[in-house]
Amino acid sequence: MRCLVVDDDAIGRRMLAAFLAESFICDQAADGQEAVKKVDEAYADGSPYDFVCLDIVMPVMDGSTALRLIRELDQKQGRRTKVFMISARNSPQDIEDAFFEGDCDDYVVKPFQRDAVTQMLIRHKLS
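Heads up: these notes are all about the structure in this document.

Analysis parameters
- Residues take numbers from 1 onward in each chain, read along the sequence in its written order.
- Local features are withheld for residues below a pLDDT of 70 in this predicted model, meaning they are given only at 70 or higher, and side-chain atom pairs are given and counted only at 80 or more; totals for whole chains, interfaces and linings count all residues.
- Heavy atoms throughout the structure, all of them, feed into the side-chain values; hydrogens and water do not.
- Centres within 6.5 Å make a pair out of two Phe, Tyr or Trp rings, where for Trp the six-membered ring is used; the pair is then stacked when the planes are under 30 degrees apart, edge-to-face when over 60, and tilted otherwise.
- A run of H or I in DSSP counts as a helix once it spans at least four residues, and a run of E counts as a strand once it spans at least two, with each numbered from the N terminus.
- Each residue is assigned to one of three classes by its accessible area relative to the maximum for its type, calculated with a 1.4 Å probe on protein chains only: buried under 20%, partly exposed between the two thresholds, exposed over 50%.
- A ring is considered to have a charge above it if a Lys NZ or an Arg CZ atom is located within 6 Å of its centre and within 35 degrees of its normal.
- How far a helix is expected to stretch is found by multiplying one less than its residue total by 1.5 Å.
- An arc is given here, and it is the one of the directions from the helix axis to the C-beta atoms.
- A contact between two residues is defined here by any heavy atoms of the two lying within 4.5 Å.
- Distance and chemistry together define a polar contact, namely a pair of N or O atoms within 3.5 Å, with one atom able to donate a hydrogen and the other to accept it when in protein, and with adjacent residues in sequence counting only for side-chain atoms on both sides.
- Angles shown run from 0 to 180 degrees and are taken between the N-to-C directions of axes, each axis being a line fitted to C-alpha atoms and, for helices, limited to the stretch in contact.
- Just so you know how the angles are binned, under 35 degrees is roughly parallel, over 145 roughly antiparallel, 65 to 115 roughly perpendicular, and the rest oblique.
- If you view the pair so one helix is near and one far, a crossing is left-handed when the near helix is turned anticlockwise from the far one by less than a right angle, and right-handed when it is turned clockwise.
- The rule for pairing is simple: two strands pair if DSSP sees at least two bridges between them.
- Classification remark: right-handed applies to a crossover when, strands pointing away from the viewer, the course from the first strand over the helix to the second runs clockwise.

Some details on the packing of aromatic side chains
Here's step 1: Overall, the coordinates contain 3 aromatic pairs when judged by the stated rule.
Here's step 2: Aromatic side chains Phe 24 and Phe 51 sit 5.0 Å apart centroid to centroid with 85° between the ring planes, which places their arrangement in the edge-to-face category. Note that Phe 24 is positioned in the loop between helix H1 (10-20) and strand E2 (25-29) and Phe 51 in strand E3 (residues 51-54), a separation of 27 residues in sequence.
Here's step 3: Assessed through its relative accessible area of 0%, Phe 51 is described here as buried.
Here's step 4: Considering the side-chain rings of Phe 51 and Phe 84, the 5.7 Å spacing of their centres and the 45° angle between planes classify their relative orientation as tilted. Of this pair, Phe 51 sits in strand E3 while Phe 84 sits in strand E4 (residues 82-87); the two residues are 33 residues apart in sequence, bridging distant segments of the chain. The same class applies to Phe 51 and to Phe 84, which are both buried.
Here's step 5: Taken together, Phe 24, Phe 51 and Phe 84 form an aromatic cluster joined through their ring pairs.
Here's step 6: Over the aromatic face of Tyr 49 sits the side chain of Arg 2, whose NZ or CZ is 4.3 Å from the ring centroid.

Here's what the structure looks like:
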């Protein structure tokens, strides 16, 4: 299985990617624009990502915009990539916006806890 970790915080991105790399082929991106490009390339190569961990607040392109564009790519491919928002934003409104406006599949508050990510993967049958 393949995953993409997207976060402008290099340390957080590397930590999550290292944890996920124990079980998955894991790529990284530093912003939403790079993430959308990688998702598009993965579709073109015939090896799409099984899930994407996506930060919300990033430079160049934020996670909400990236998620909308990823969903457009999914629609063209007739597939739905699991997208998990991983953000320091933890207000009920932020979480509600990510699910209902952003169409994400799950939400984890940073700093992430290994157990929380593991449970999320189990819930979505990725572990």
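From this point, the narrative continues.
Examining helix H3 (residues 63-77)
Here's step 1: Between its terminal C-alpha atoms H3 stretches 21 Å, which fits the 21 Å expected from 15 residues at 1.5 Å a residue.
Here's step 2: Every buried residue belonging to H3 is among Gly 63, Ala 66, Leu 67, Ile 70, Arg 71, Leu 73 and Asp 74, and all of these are buried. Burial along H3 is one-sided: seen end-on, the buried residues are contained in an arc of 160°. Along H3, the residues that are exposed and aim more than 90 degrees away from the buried face are Gln 75 and Lys 76.
Here's step 3: Along its buried surface, H3 packs onto helix H2 (32-45), E3 and E4.
Here's step 4: Near the N-terminus of H3, the side chain that reaches the backbone nitrogen of Ser 64, with its oxygen 3.0 Å away, is that of Asp 62.
Here's step 5: Backbone geometry just downstream of H3 places Gly 78 in the positive-phi region, at approximately 70°.

Considering the packing of H1 against helix H5 (residues 114-123)
Here's step 1: Orientation of H1 relative to H5, taken along the N-to-C sense of each, is 55°, at an axis distance of 12 Å. As judged from the angle between their axes, H1 and H5 are oblique. H1 and H5 meet at a crossing whose hand is right-handed. Contact residues: H1 offers Leu 16, Phe 19 and Leu 20, while H5 offers Arg 114, Val 117, Thr 118 and Leu 121.

A word on the pairing of E3
Here's step 1: By the alternation rule, side chains of E3 split into Phe 51 and Cys 53 and Val 52 and Leu 54, which are all buried.
Here's step 2: Pairing geometry for strand E1 (residues 2-6) and E3, over 4 bridges, is parallel. Following the sheet pairing, Leu 4 is matched in E3 by Val 52.
Here's step 3: Relative to E4, E3 is paired through 4 bridges, and the arrangement is parallel. By the bridge assignment for E4, Leu 54 is matched with Met 85.
Here's step 4: The β-α-β motif built from E3, the intervening H3 and the parallel element E4 has right-handed crossover chirality.

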